[in-house]
Each structure stands twice: as C-alpha cells, then as structure tokens.
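Report on the structure
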Amino acid sequence: MGQELTDYEAGLRSGYLQCQSDHAGLFRYKDALGRGLSKSEAKAYSKQKGKKKK
C-alpha cells in the first residue's frame, strides 16, 4: 500500500472501472425500459450519475 501504480496497473484499473460503469448504465437502461419509459428517456436515465432525490 502507498505505492504508485505502474502504467500497466493504472490501465487495468481504468479498464475495470469503465466496465463497471458500462454495466451499471446498461442495468439502469433496461430497468427504465421495464418501468415503461421510452428508449430516449431510458437512455437519458442510464447516463445520469448518482441517485435523484425524490
């Protein structure tokens, strides 16, 4: 711990985090379609970051 990442390790981490983000977006898109939103509404919803306050 406390050591800087090599370029290779930083690349792996970046790729992993991008994959997680993509998966979350796809989940949110499919969830929105299942709740009856249009494709364009679902796309916009899937790109939102964080939770919306009620």
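See the structure printed just above.
In this convention, every chain numbers its residues from 1, walking through the sequence in written order. Restriction of local features to residues with pLDDT of at least 70 applies here, the model being predicted, together with a cutoff of 80 or more for giving and counting side-chain atom pairs; totals for whole chains, interfaces and linings are based on all residues. The side-chain numbers reported here are obtained from all heavy atoms of the structure, hydrogens and water having been left aside.

Moving on, we come to helix H1 (residues 7-34). For H1, spanning 28 residues, the distance from its first C-alpha to its last is 41 Å, which sits close to the expected 40 Å at 1.5 Å a residue. We call a residue buried when its accessible area falls under 20% of the maximum for its residue type, exposed when it is over 50%, and partly exposed in between, using a 1.4 Å probe and counting protein chains only. The helix count covers DSSP runs of H or I at least four residues long, the strand count covers runs of E at least two residues long, and both are numbered beginning at the N terminus. Inspection of H1 places Gly25, Arg28 and Ala32 among the buried residues, and these make up the whole buried set. Residues of H1 that are buried make contact with helix H2 (39-46). With its phi angle positive at about 95°, glycine 36 sits one or two positions after the end of H1. Helices are assigned an expected span. That span is 1.5 Å times one less than the residue count. Contacts are assigned to residue pairs that have any heavy atoms within 4.5 Å of one another.

What follows concerns the layout of surface pockets. Put plainly, a pocket is an open set of points on a 1 Å grid over the protein atoms alone with protein on both sides within 12 Å along at least five of seven lines, a cavity is a set where a 1.4 Å probe fits but cannot get out, and a lining residue has an atom within 4 Å of a point. Grid points are joined across faces, edges and corners, and a volume is the space filled by probe spheres set on the points. Of the voids in this model, the largest pocket is the one considered here, and its volume is about 190 Å³. Lining the largest pocket, in full, are Ser21, Ala24, Gly25, Leu26, Arg28, Lys43, Ser46, Lys47, Gln48 and Lys49. Of all the secondary-structure elements, those providing two or more residues to the lining of the largest pocket are H1 and H2. A total of five residues in the lining of the largest pocket trace back to one element, the largest contributor, which is H1. Note on residue categories: nonpolar means Ala, Val, Leu, Ile, Met, Phe, Trp, Tyr, Cys or Pro, charged means Asp, Glu, Lys or Arg, and polar means any other residue, Gly included. Classifying every residue of the lining of the largest pocket by side-chain character gives two nonpolar, four polar and four charged.

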